[in-house]
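# Understanding the architecture of this molecule
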Amino acid sequence: MNNEVSPVNNTIIEALQNNQVIAYPTEAVFGVGCDPDSESAVMALLELKQRAIEKGLILIADNYEQLKPYIDDNALTQEQRERMFASWPGPITWVIPAKSTTPKWLTGRFSSLAVRVTDHPIVKALCVAYGKPLVSTSANLSGLPPCRSVEEVQEQFRNRIAIVNGEVGGRKNPSEIRDALTGELYRQG
């Protein structure tokens, strides 16, 4: 009989519902995230990371449908959509025009939003359990390397955030970032 407890537990979901920041393993590094619809949670995340709001953020999701409330799907051609879908689920983040209703605390100074459909089982389970995508940025304080273990997250963030227990995927680098309209490479993966 399997007695393992799922890493996505009620404590983590409650933290998200209470506008708190959490840490979780992704394909290459631990990420910190929160509810994308909560301005107070995003502001807490930005303060924690010492990250400027103008930079914009990434949303990570279980599936494309979870991202549609935030992006302008109609701005994509079928060919652009197919190119994007061919890379998902996986470690490629695509920058897509945002809906006009998408909060500026997500897009920053841009009119687009970076989004990814993950293949990491823990993040997928987290997004399914929460019912929406999560903000996703590397778990590290400004100027420090991204965390790759629960212990590193605890050390850098001094137990100020809830942590989803688990292992990062086997990738060495954070996700590749590309423009969905042009295919232009913004960050090598």
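Residues numbered from 1 in each chain as written. Predicted model: local features only at pLDDT ≥ 70, side-chain atom pairs only at ≥ 80, totals over all residues. Heavy atoms only, no water.

## Brief notes about the overall build of the protein chain
- Scanning the protein chain from N- to C-terminus turns up seven helices and nine strands.
- Sequence separation of at least 24 residues holds for 66% of the intrachain contacts in the protein chain that already meet a minimum separation of 6.
- Accessible area of the protein chain: about 9300 Å², with a carbon and sulfur share of 48%.
- Positive and negative charge centroids in the protein chain, built from 19 and 22 side chains respectively, lie 5 Å apart. (Helix = DSSP H or I, 4+ residues; strand = E, 2+ residues; numbered from the N terminus. Contact = heavy atoms within 4.5 Å. Areas by Shrake-Rupley, 256 points an atom, 1.4 Å probe, with all protein chains shown as cover. Lys, Arg positive; Asp, Glu negative; His and termini not counted. Charge placed at Lys NZ, Arg CZ, Asp CG, Glu CD.)

## What to know about unusual backbone geometry
- Omega for the bond connecting Trp88 with Pro89 falls within 30 degrees of zero, at -10 degrees, which places this linkage in the cis form.
- Even without a glycine there, the phi angle at Gln50 is positive, about 60 degrees.
- Along the chain, Gln50 turns up in the loop between helix H2 (39-49) and strand S3 (58-61).
- Here Arg158, not a glycine, exhibits a phi torsion of approximately 50 degrees, which is positive.
- Mapped onto the elements, Arg158 comes out in the loop between helix H7 (150-157) and strand S7 (162-163).
- In this structure Arg158 comes out as exposed when scored by relative accessible area, which is 59%. (Buried < 20%, exposed > 50% of the residue type's maximum accessible area, 1.4 Å probe, protein only.)

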